[in-house]
Amino acid sequence: MSTLYQHILSRRRFCLCCMGAATFAATGGWLTPSQSYAESRNLVDLIRDDAAKATIKVHKLRGNVSILEGSGGNIAVLPGDDGKVFIDAGITPSRPRILEAANGLSRDPITHLINTHWHFDHTDGNQWLNEEGAAILAHENTHKHLLTAQRVEDWDFNFPSSPLAAVPTEVFSSEKTLTLNRSTLALKYYGPAHTDSDISVTFHEADIIHCGDTYWNGIYPFIDYSTGGNIQGMITATERNLAVTTDQTIVIPGHGVPVSNRAELQAYRDMLVAIRDNVAKLKEQGRSLDEIIAAKPTAAFDAKWGQFVITPAMFTRLVYEGA
Ligand SMILES: [Zn+2]
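Residues numbered from 1 in each chain as written. Predicted model: local features only at pLDDT ≥ 70, side-chain atom pairs only at ≥ 80, totals over all residues. Heavy atoms only, no water.

Quick notes on the overall build of the protein chain
When its secondary structure is counted, the protein chain shows 12 helices and 16 strands. By residue count, 54% of the 323 residues in the protein chain fall in the buried class. Looking at the protein chain alone, contacts between residues at least 24 apart form 68% of all its contacts between residues at least 6 apart. Of the accessible surface of the protein chain, which amounts to about 13000 Å², a share of 51% is contributed by carbon and sulfur atoms. (Helix = DSSP H or I, 4+ residues; strand = E, 2+ residues; numbered from the N terminus. Buried < 20%, exposed > 50% of the residue type's maximum accessible area, 1.4 Å probe, protein only. Contact = heavy atoms within 4.5 Å. Areas by Shrake-Rupley, 256 points an atom, 1.4 Å probe, with all protein chains shown as cover.)

Okay, here's the thing in structure tokens:
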């Protein structure tokens, strides 16, 4: 078994974006209402239980920026005199291990949290980070989705509204620039992509970009149509990520191997475009979703990208929805 595959297997437990797909795969795609209720009730508990056991791996990048890997989406941390800045919050029961890892970087208090989008595996820790002293900043649609109950159709899951301490207190609509710890942080809204609330966070001097869940490194991505995501938007977001990076830029994906680069981002873009084109062509011919899945429009990419919980069939369905 390759190291990458082991890595993927060890991580699959912790990722909500993928749990719906796991449920989907295990049940052949559909659940009865009572099954789905039982599944849904267990889903978040299961992820939280797993997160309580997850180890947090620290990747030191440059310009004092590090990644904490192992609790939900990849978390970026920038310590300094202004206090630690967190990009995404992970899953709540990881709190002691995230704190331990963060304390290993510096003793600065945690003062700022930026959410890349509203999904649970990036915002579940909002409340405890706010209790630690972090002011929460996000796109206005993240604020909107956390403030009210949400249903994600493809996870077959209903999320209750978040406690007020977990809801961002500062929002923006298009872009925002912050200077913290002598670093320039540029926040930019993607428009509809993985959801309708995705932003990128660029550490200007360090030449590092956190792409949130617009970028899944080496694995098929989840796309949340229930809250405004679509395949075309994922491609547009990825092309924008390419436009603002060079071969020197460190690229942080929301999921997948956490330290990436422009060449890998380009391969991801090429994969998305090729599969979108294949599916669109079949759809234009009037083929049904089942026929299109059977035609395996992802086949050329499955060996590399289809080894995670978003299976080739699941990804085909997500692309079909918006192709
Ligand atoms: Zn997500």
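Text resumes after the structure shown.
Quick notes on the coordination of the zinc ion
Six octahedrally arranged donors around a metal ideally form angles of 90 or 180 degrees; four tetrahedrally arranged donors ideally form angles of 109.5 degrees. Around the zinc ion, the protein contributes the donor atoms His117 (NE2), His119 (ND1), His194 (NE2) and Asp213 (OD), which lie 2.2 to 2.3 Å from the metal centre. Taken together, the 4 donor atoms coordinating the zinc ion span angles of 85 to 176° at the metal, a pattern that classifies the geometry as irregular. On the primary sequence, the residues serving as donors to the zinc ion are separated as H-x1-H-x74-H-x18-D. Taken together, the residues span a long stretch of sequence, with His119 in the loop between β5 (110-114) and α5 (120-123) and His194 in the loop between β11 (183-189) and β12 (199-203) at a distance of 75 residues. (Donors = N, O, S within 2.8 Å, 3.2 Å for Na, K, Ca; no water. Tetrahedral: all angles 85-135°; square planar, octahedral: opposite > 155°, others 65-115°.)

Structural notes on the packing of helix α9 (residues 262-284) against helix α12 (residues 312-322)
As a packed pair, α9 and α12 sit with axes 9 Å apart at the nearest point and diverge in direction by 70°. With respect to α12, the axis of α9 lies roughly perpendicular. By crossing handedness, the relation of α9 to α12 is classed as right-handed. Between α9, through Met271, Leu272, Ile275, Arg276, Val279 and Lys283, and α12, the contact on the second element is made entirely by Phe315, Thr316, Val319, Tyr320 and Glu321. Here the contact of α9 with α12 is composed, by residue class, of 7 nonpolar, 1 polar and 3 charged. (Axes fitted to C-alpha atoms, helices over the stretch in contact; angles between N-to-C directions. Parallel < 35°, antiparallel > 145°, perpendicular 65-115°, else oblique. Left-handed = near helix turned anticlockwise from the far one by under 90°. Nonpolar A, V, L, I, M, F, W, Y, C, P; charged D, E, K, R; others polar.)

Considerations on the sheet that holds strand β15 (residues 250-252)
The 5 strands are arranged β10-β11-β12-β13-β15 in an open sheet whose pairing can be described as mixed. Only two strands of the sheet have a single partner each, and these edge strands are β10 (175-180) and β15. Within the sheet, the average angular offset between the axes of one strand and its neighbour, ignoring direction, is 15°. Both strand β13 (residues 208-210) and β15 contribute to a ladder of 3 bridges, which runs parallel. Following the sheet pairing, Ile208 is matched in β15 by Ile250. (Pairing = 2+ DSSP bridges.)

Quick look at the pairing of β12
Most of β12 sits out of view: 4 of its 5 residues are buried. Note that β11 and β12 share 5 bridges and pair antiparallel. From the neighbouring strand, Leu185 faces β12, where its bridge partner is Phe203. Pairing of β12 with β13 involves 3 bridges; the strand directions are antiparallel. Each residue of the ladder has a partner; that of Thr202, found in β13, is Ile209. Hairpin connection, β12 to β13: the antiparallel pair is bridged by 4 residues, and Asp207 has positive phi, about 55°.

Examining the pattern of salt bridges
Counting across every chain of the model gives 9 salt bridges. Ionic pairing is found between Arg182 and Asp81, a salt bridge with its closest N-O pair at 3.1 Å. You can see Arg182 sitting in the loop between β10 and β11 and its partner Asp81 sitting in the loop between β3 (75-78) and β4 (84-87), a full 101 residues away along the chain. Of the charged contacts in the structure, one is a salt bridge between Arg317 and Asp154, with a shortest N-O distance of 2.9 Å. Of the two residues, Arg317 is situated in helix α12 and Asp154 in the loop between β7 (150-152) and β8 (157-159); the sequence distance between them amounts to 163 residues. We classify Arg317 as buried; its relative accessible area is 11%. What you see here is one network of salt bridges that share partners, running through Arg95, Glu131 and Glu132. (Salt bridge = Lys/Arg side-chain N within 4 Å of Asp/Glu carboxyl O.)

Here's the deal with the sheet that holds strand β6 (residues 135-139)
Strands in a sheet are paired, the pairing made by backbone hydrogen bonds, and the direction either parallel or antiparallel. Read from one edge of the open sheet, 7 strands run β1-β2-β3-β4-β5-β6-β9, paired in mixed fashion. At either margin of the open sheet sits one strand with a lone partner, and together these are β1 (57-60) and β9 (170-172). Ignoring strand direction, the axes of neighbouring strands in this sheet form an average angle of 20°. Note that strand β2 (residues 66-69) and β3 share 3 bridges and pair antiparallel. Across the sheet, residue Ser66 finds its bridge partner in β3, namely Val77.

Such coordinate-based values are descriptive only and should not be taken to indicate function.
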